[in-house]
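# Coordinate analysis (summary)
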Amino acid sequence: MKENEELKLAEDKKKKDYVTVVGGVTTINLKHPIKFNDVEIKEVKMDFNSLTGAKLCEAEVVSQGKYYSPSSEIKFGQAYQAAVGAAAADLPYEAILELKHSDFDILAEVVKGFLLA
């Protein structure tokens with residue numbers, strides 16, 4: 001019984017450490033690190049305060065490529081959320097698209113929270 005409780009506490013701590021916000025920078029510690037252009041990416045640090053209107057508009061343009069799907073509300077499109085996350089993290093959009101689904105979903109949810117705030 002005690003071993004199960006210790007495992008649960010360790011798992012809870014892992015979940016809490018998965019997404020952290022410090023000084024306005026949101027960090028996602030990737031469950032599945034990726035390699036992009038020969039660089040290993042283990043975390044994505046997004047500074048939403050660094051975004052400008054121009055960067056958000058550029059993100060909309062970037063997201064209208066291959067994965068674009070028209071929506072009456074652009075903020076809900078995963079392609080746009082990925083582009084905003086990439087801009088906030090100062091990473092290439094293509095790097096964000098390489099994230100495994102569990103990491104990508106978390107990133108999209110964090111960005112959606114920012115966009116809807």
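A short tour of the structure in this document, coming up. Everything numeric in this text was worked out from a predicted model, so none of it was measured.

Taken in spatial order, the three strands of this open sheet run S1-S2-S3, and their pairing is antiparallel. Lying at the two open borders of the sheet, with one neighbouring strand each, are strand S1 (19-22) and strand S3 (39-47). Averaged over all pairs of adjacent strands, the angle between their axes in this sheet comes to 35°, without regard to strand direction. Pairing of S1 with strand S2 (residues 25-36), which is carried by four bridges, proceeds in the antiparallel orientation. Across the sheet, residue Thr20 finds its bridge partner in S2, namely Thr27. Its contacts with the sheet place helix H5 (residues 101-116) against S1, S2 and S3, and it is angled at close to 155° to S2.

On to the pattern of salt bridges. In total, this model carries two salt bridges according to the counting rule given. Salt-bridge contacts for Glu43 lead to Lys45; the nearest nitrogen and oxygen are separated by 3.8 Å. A residue is classified by how much of its surface remains accessible, and Glu43, at 36% relative accessible area, is partly exposed. Judged by relative accessible area, which is 46%, Lys45 ranks as partly exposed. A salt bridge links Glu109 to Lys112; the nearest nitrogen and oxygen atoms lie 3.7 Å apart. Placement of the pair is Glu109 and Lys112 together in helix H5, with a separation of three residues, close to one helical turn. For Lys112, a relative accessible area of 22% puts it in the partly exposed group.

According to the stated counting rule, one finds one aromatic pair in the structure shown. Aromatic pair Phe48 and Phe114: ring centres 4.4 Å apart, planes at 15°, arrangement stacked. Separated by 66 residues along the polypeptide, Phe48 in the loop between S3 and helix H2 (53-63) and Phe114 in helix H5 bring together distant segments of the chain. For Phe114, a relative accessible area of 29% translates into the label partly exposed. It is Lys31 that lies over the ring of Tyr18; its NZ or CZ is 5.0 Å from the centre.

Core analysis: the biggest nonpolar cluster contains 28 residues, and Val44, Met46, Ile96 and Leu107 have the highest contact counts within it. Where this core is concerned, the elements lending two or more residues are S2, S3, helix H3 (78-89), helix H4 (93-97) and H5. A total of eight residues in this core trace back to one element, the largest contributor, which is H3. Residue contacts for Val44: discarding those within four places in its chain leaves Thr26, Thr27, Ile28, Leu30, Ala89, Leu91, Ile96 and Leu107.

Criteria and cut-off values
- Residues numbered from 1 in each chain as written.
- Predicted model: local features only at pLDDT ≥ 70, side-chain atom pairs only at ≥ 80, totals over all residues.
- Heavy atoms only, no water.
- Pairing = 2+ DSSP bridges.
- Helix = DSSP H or I, 4+ residues; strand = E, 2+ residues; numbered from the N terminus.
- Axes fitted to C-alpha atoms, helices over the stretch in contact; angles between N-to-C directions.
- Contact = heavy atoms within 4.5 Å.
- Salt bridge = Lys/Arg side-chain N within 4 Å of Asp/Glu carboxyl O.
- Buried < 20%, exposed > 50% of the residue type's maximum accessible area, 1.4 Å probe, protein only.
- Phe/Tyr/Trp six-rings, centres within 6.5 Å; stacked < 30°, edge-to-face > 60°.
- Lys NZ or Arg CZ within 6 Å of the ring centre and 35° of its normal.
- Core = buried A, V, L, I, M, F, W, Y, C linked by side-chain atoms within 4.5 Å.

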